[in-house]
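# A closer look at the structure
Here's the letter readout for the chains.
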Amino acid sequence: MAHPIRVLIAKPGLDGHDRGALVVAQGLRDQGMEVIYTGLRQTPEQIVATAIQEDVACIGLSSLSGAHLELFPEVTRRLKELHAEDILVIGGGVIPQEDIPILKQAGIAEVFTPGSSIADMAAFIREHVRQTDDLGSAPVSVPVNRIDHIGIAVRSIQEALPFYTGQLGLAAVHEEVIPDQKVKAVFVPVGETDLELLEPTAQDSPIAKFLEKHGPGLHHIAYAVDDVAKALSAAKAAGYRLIDEVPRDGGQGKRIGFVHPKDTHGTLTEFCQRVHEHEAQRG
């Protein structure tokens, strides 16, 4: 295997004892794996966010508090929600035998109770992440349906819009403020593609910084995809650096994510997924 398997060892919940987790972490390092330890008292949301950010192949959950039936399934549920269910999840700690089938049904691949060996644990991880890990060296494409919209940075929508509506005879169909990006956006359809005029609403807006550096003009090209999370994952697997590791909210109720322009020959690239009914409204 070209790269060591990356494993996240995590202690969910309020359990304050981590000697066993630390022993497992060191043992897996001795087995040649790259191990990240989250520390004590992590929430399932924090664990999943760290796992995605660190691009691990496996999460090892440890619990001594008796809350494993609540906390472990919440991790797998959250992974599935973020389309990251390909991350292998294993569990360990003081876990009654009768609880193990319940955990496996919830997506925990294996449970290692006291007395389990580090060698057996490492062998299980190698066997079950191999298929996912091998995908990293396979050709990965990012299927797109069409250009959804072209983002254009402007200092003033009020001043820029007459060129599009007057000179070009187009019509503005939608206007909104996108708080997350600190912009006001106006959408002007041209056939199946929208022009998205972007005006900053704050000095620390990414669009304000773009205007300061480049002046008004083309900001990004957005490609419509069926599943933005999968598109981001495929781009990352192919070696492209992401601005967004997970999808976030964009204009018109879309879910969006950006790929870094340094890896896309200077053009900021956005994947977007229409999750509401705008497609139907457009006819």
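Residues numbered from 1 in each chain as written. Predicted model: local features only at pLDDT ≥ 70, side-chain atom pairs only at ≥ 80, totals over all residues. Heavy atoms only, no water.

### Some remarks on the sheet that holds strand β8 (residues 183-190)
We apply this condition: When DSSP locates at least two bridges between a pair of strands, those strands are taken to pair. By definition, any uninterrupted DSSP run of H or I lasting at least four residues is a helix, any uninterrupted run of E lasting at least two residues is a strand, and each is numbered from the N terminus.
Taken together, eight strands build an open sheet; the order of strands is β7-β8-β9-β6-β10-β13-β12-β11 and the sheet is mixed. Strands at the two margins of the open sheet, each flanked by one partner only, are β7 (174-178) and β11 (248-249). Pairing between β7 and β8: five bridges, direction antiparallel. Of the residues in β8, the one forming a bridge with Glu 176 is Ala 185.

### Let's talk about the nonpolar core
The nonpolar side chains of a soluble globular protein tend to be buried with one another. To be explicit about the condition: As used in this record, nonpolar core signifies buried Ala, Val, Leu, Ile, Met, Phe, Trp, Tyr and Cys residues forming a set joined through side-chain atoms within 4.5 Å. For the exposure calls, accessible area comes from a 1.4 Å probe over protein chains only, and a residue counts as buried if that area is under 20% of its type's maximum, exposed if over 50%, partly exposed in between. Two residues form a contact once any of their heavy atoms are found within 4.5 Å.
Leu 8, Val 56, Ile 59, Leu 61, Phe 72, Leu 79 and Ile 87 are the most contacted members of the largest nonpolar core, which totals 22 residues. At the level of secondary structure, the elements contributing two or more residues to this core comprise β1 (6-10), α2 (44-53), β3 (58-63), α3 (68-81) and α4 (100-105). Here Leu 61 is in contact with Ala 10, Pro 12, Ile 47, Phe 72, Val 75, Val 89, Ile 90, Gly 91 and Gly 92, once residues within four sequence places are set aside. In this structure, Ile 5, Ala 25, Met 33 and Phe 112 belong to the second largest nonpolar core, which totals 19 residues.

### Some words on the layout of surface pockets
Using the following cut-off: Put plainly, a pocket is an open set of points on a 1 Å grid over the protein atoms alone with protein on both sides within 12 Å along at least five of seven lines, a cavity is a set where a 1.4 Å probe fits but cannot get out, and a lining residue has an atom within 4 Å of a point. Grid points are joined across faces, edges and corners, and a volume is the space filled by probe spheres set on the points. In this count, Pro and Cys sit with the nonpolar residues alongside Ala, Val, Leu, Ile, Met, Phe, Trp and Tyr, while Asp, Glu, Lys and Arg are called charged and the others, Gly among them, polar.
There is about 630 Å³ of room inside the second largest pocket. Together, 23 residues line the second largest pocket, and Phe 210, His 219, Ile 243, Pro 261 and Leu 268 are the ones closest to its centre. Secondary structure elements with two or more residues in the lining of the second largest pocket: α7 (206-214), β10 (217-224) and β13 (268-274). A total of six residues in the lining of the second largest pocket trace back to one element, the largest contributor, which is α7. For the lining of the second largest pocket, a count of residues per class yields ten nonpolar, seven polar and six charged.

### Section: empty space enclosed by the protein
Evaluation of the coordinates by the stated rule reveals one cavity of 30 Å³ or more. Elements with a contribution of two residues or more to the lining of the largest cavity: β9 (193-200) and β12 (254-259). Residue contributions to the lining of the largest cavity peak at three residues, all from β12. Among the residues making up the lining of the largest cavity, the classes are represented as five nonpolar, five polar and three charged.

### Topic: the UniProt feature "domain: VOC" (unreviewed entry) in the protein chain
Note the following rule: UniProt positions are given in the numbering used here, feature names are shortened, and annotations may be inferred rather than shown by experiment.
Per the UniProt annotation, the sites labelled "domain: VOC" (unreviewed entry) are residues 146-274. As annotated, residues 146-274 comprises 23% helix and 40% strand, and the C-alpha atoms at either end are separated by 12 Å.

### Things to note about the packing of aromatic side chains
Short version of the rule: Classification of ring pairs uses Phe, Tyr and Trp, with its six-membered ring standing for Trp, and accepts pairs whose centres are within 6.5 Å; under 30 degrees between planes counts as stacked, over 60 as edge-to-face, and the remaining range as tilted.
Considering all chains together, one arrives at two aromatic pairs under this definition. Pairing Phe 112 with Phe 124 gives two aromatic rings, centres 5.9 Å apart and planes at 75°, and the pair type is edge-to-face. In this pair, Phe 112 sits in strand β5 (residues 110-112) while Phe 124 sits in helix α5 (residues 118-134), placing the two residues twelve residues apart along the sequence. Phe 124 matches Phe 112 in its accessibility class, with the two residues each being buried. Between the aromatic rings of Phe 163 and Tyr 164, the centroid separation amounts to 5.0 Å while the plane-to-plane angle is 80°, which identifies the pairing as edge-to-face. Overall, the relative accessible area of 12% leaves Tyr 164 in the buried class.

### So, helix α6 (residues 157-167)
Spelled out, the test is: This arc corresponds to the set of directions leading from the helix axis out to the C-beta atoms.
Listed in full, the buried residues belonging to α6 are Ile 157, Ala 160, Leu 161 and Tyr 164. Within α6, the buried residues cover an arc of 105° as seen down the axis, which keeps them to one side. Across from the buried face of α6, at angles greater than 90 degrees, the exposed residues are Gln 158, Glu 159, Gly 166 and Gln 167. Tucked into the core, α6 has its buried residues touching β6 (146-153), β8 and β9. Positioned one or two residues after α6, Gly 169 has a phi angle of 70°, which is positive.

### Some remarks on the sheet that holds β3
As a reminder of what qualifies: Interaxial angle, 0 to 180 degrees, is taken between N-to-C directions of lines fitted to C-alpha atoms, where a helix line uses only the stretch in contact.
Pairing is parallel in the open sheet, where five strands are placed in the order β2-β1-β3-β4-β5. Strands with a single pairing partner mark the edges of an open sheet, and in this sheet they are β2 (34-37) and β5. On average, each strand axis in the sheet is tilted by 25° relative to the strand beside it, whichever way the strands run. With four bridges joining them, β1 and β2 adopt parallel strand pairing. Paired with Ile 9 across the two strands is Tyr 37, which belongs to β2. Across the sheet, α3 lies against β3 and β4 (88-93), angled at about 160° from β3, the strand it touches most.

### Describing the environment of Phe 187
Here Phe 187 shows up in strand β8. Along the primary structure Phe 187 and Val 173 are separated by 14 residues, whereas in three dimensions their C-alpha atoms are 5.9 Å apart. Here Phe 187 is in contact with Ala 171, Ala 172, Val 173, His 174, Glu 176, Asp 194, Leu 195, Glu 196, Gly 251, Gln 252 and Lys 254, once residues within four sequence places are set aside.

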